[in-house]
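The primary structure of each chain is shown beneath.
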Amino acid sequence: MKKNVKNLTFLSLLALMGCANNKNVVTNATMERAVLRDIKTGRTRIYDASKSDAMKSVLIWLVPGDTVTLNSKDYARTTMFTPENSHLSCDYVELQRRKTEFENAKLKYEVQAKFSKQK
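Residues numbered from 1 in each chain as written. Predicted model: local features only at pLDDT ≥ 70, side-chain atom pairs only at ≥ 80, totals over all residues. Heavy atoms only, no water.

1. Focus: the overall build of the protein chain
- Along its length, the protein chain carries three helices and six strands.
- Taken from N to C terminus, the helices and strands of the protein chain fall in the order α-β-β-β-α-β-β-β-α.
- Expressed as a percentage of its 119 residues, the buried residues of the protein chain come to 25%.
- Long-range contacts, defined as pairs at least 24 residues apart, comprise 55% of the intrachain contacts of the protein chain with a sequence gap of at least 6.
- If you sum the accessible surface of the protein chain, you get close to 8700 Å²; carbon and sulfur atoms cover 59% of it. (Helix = DSSP H or I, 4+ residues; strand = E, 2+ residues; numbered from the N terminus. Buried < 20%, exposed > 50% of the residue type's maximum accessible area, 1.4 Å probe, protein only. Contact = heavy atoms within 4.5 Å. Areas by Shrake-Rupley, 256 points an atom, 1.4 Å probe, with all protein chains shown as cover.)

Take a look at the structure:
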């Protein structure tokens, strides 16, 4: 019984911590922009990184369904965000895994193409 109460308390704290952030679900992502849907309100938000090479290298690995956190002092009033007026955070470990998986598949394809030409 005591263990169940501790687990329930822990889960409740996790839920409360998650509500404090501006969580969004990615509905569409390209190298230059991400279309997000606020989990709490359902409002659509745009994150435009067309002028930020650093964020372009992040956005390219986002896929629909990913959860990101978007923080800005104007979050409640606007729907258009840039790296200059906001901070986007996501699961960077997962994005790195996707990038590594892609690079490994590309290398495997190149090796197979090279050896098939030699035969």
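The rest of the description comes next.
2. Observations concerning the packing of aromatic side chains
- Enumeration over the complete set of coordinates arrives at two aromatic pairs.
- Measuring from centroid to centroid gives 5.8 Å for Tyr 75 and Phe 81, while their planes differ by 25 degrees, and the two rings are stacked. Note on accessibility: Tyr 75 and Phe 81 belong to one class, buried.
- Residue placement shows Arg 45 over the ring face of Tyr 75; its charged tip is 3.9 Å from the ring centre. (Phe/Tyr/Trp six-rings, centres within 6.5 Å; stacked < 30°, edge-to-face > 60°. Lys NZ or Arg CZ within 6 Å of the ring centre and 35° of its normal.)

3. Some details on a nonpolar patch on the surface
- Among the surface-exposed residues, Leu 107, Val 111 and Phe 115 lie close enough to one another that they form a single nonpolar patch of about 280 Å² accessible area.
- Note that Phe 115 resides in helix α3 (residues 92-118).
- The exposure class assigned to Phe 115 is partly exposed, which follows from its relative accessible area of 48%. (Patch = residues over 30% accessible without salt bridge, like charges linked within 9 Å, V, L, I, M, F, W, Y side chains within 5 Å. Salt bridge = Lys/Arg side-chain N within 4 Å of Asp/Glu carboxyl O.)

4. Comments concerning the sheet that holds strand β5 (residues 80-81)
- Strand order in the open sheet formed by six strands is β5-β3-β2-β1-β4-β6, with mixed pairing between adjacent strands. Two strands in the sheet have a free side with no partner beyond their single neighbour: β5 and β6 (87-89).
- Note that strand β1 (residues 23-29) and strand β4 (residues 67-71) share three bridges and pair antiparallel. By the bridge assignment for β4, Val 25 is matched with Thr 67. (Pairing = 2+ DSSP bridges.)

5. Here we look at the pairing of strand β2 (residues 33-38)
- Burial along β2 is one-sided: Ala 34, Leu 36 and Asp 38 are buried, while Arg 33, Val 35 and Arg 37, pointing the other way, are not.
- Both β1 and β2 contribute to a ladder of five bridges, which runs antiparallel. What sits directly across from Asn 28, in β2, is Val 35.
- Between the end of β1 and the start of β2, which pair antiparallel, lie three residues.
- Pairing analysis gives five bridges linking β2 to strand β3 (residues 44-48), with the strands arranged antiparallel. Along β3, the bridge assignment pairs Arg 33 with Asp 48.
- Linking two consecutive strands that pair antiparallel, namely β2 and β3, is a turn of five residues; a positive phi of about 80 degrees is found at Gly 42 within it.

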